[in-house]
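Structural description and commentary
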Amino acid sequence: MKPVALFCPNCGHKVVGYQDEDGAVRLICDRCKSVMFSKFHPKKCEVAIKVQVRHGEN
Ligand SMILES: [Zn+2]
């Protein structure tokens, strides 16, 4: 598995996850618990990133 690092769009914390065979990565920010899902599309040569931001759950 290939490690992938992203900066959380919500709080800026560095989050590391692992890419599976399909090119999909699921990362959870351990500071704000936002969920980031990234998927690489080889045909389009682009990465789609979805972010689910969590507010006020402390
Ligand atoms: Zn965060």
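The following paragraphs examine the structure supplied in this document.

**Remarks on the overall build of the chain**
- Across its full length, the chain carries zero helices and five strands.
- Reading the helices (α) and strands (β) of the chain from amino to carboxyl end gives β-β-β-β-β.
- Looking at the chain as a whole, 12% of its 58 residues qualify as buried.
- In the chain, 12% of the contacts between residues at least 6 apart in sequence involve partners at least 24 apart.

**Points about the sheet that holds strand 5 (residues 46-52)**
- Read across the sheet, three strands follow the order 3-4-5 without closing on themselves; strand pairing throughout is antiparallel. Only two strands of the sheet have a single partner each, and these edge strands are strand 3 (24-28) and strand 5. Sheet twist, expressed as the average angle between the axes of neighbouring strands with direction ignored, equals 15°.
- Of the strand pairs in this sheet, strand 3 and strand 4 (residues 35-41) are connected by five bridges, and their pairing is antiparallel. Bridged to Arg26 within strand 4 is Phe37.

**What to know about the nonpolar core**
- Counting six residues, the largest nonpolar core is built from Cys8, Val15, Val25, Leu27, Cys29 and Met36.
- In this structure Cys29 touches Cys8, Asn10, Cys11, His13, Val15 and Ser34, once residues within four positions along its chain are discounted.

**Things to note about unusual backbone geometry**
- One non-glycine residue, Lys33, lies in positive phi territory at about 65°.
- Along the chain, Lys33 turns up in the loop between strand 3 and strand 4.
- Accessibility expressed as a C-beta count within 10 Å gives 15 for Lys33, which makes it partly exposed.
- The phi dihedral of Cys45 falls on the positive side, at around 60°, and the residue is not glycine.
- One can find Cys45 in the loop between strand 4 and strand 5.
- According to the C-beta neighbour criterion, Cys45 is exposed, with 7 such atoms within 10 Å.

Rules behind the numbers
Residues numbered from 1 in each chain as written. Predicted model: local features only at pLDDT ≥ 70, side-chain atom pairs only at ≥ 80, totals over all residues. Helix = DSSP H or I, 4+ residues; strand = E, 2+ residues; numbered from the N terminus. Buried ≥ 20, exposed ≤ 12 C-beta atoms within 10 Å, placed from the backbone. Contact = placed C-beta atoms within 7 Å. Pairing = 2+ DSSP bridges. Axes fitted to C-alpha atoms, helices over the stretch in contact; angles between N-to-C directions. Core = buried A, V, L, I, M, F, W, Y, C linked by C-beta atoms within 7 Å.

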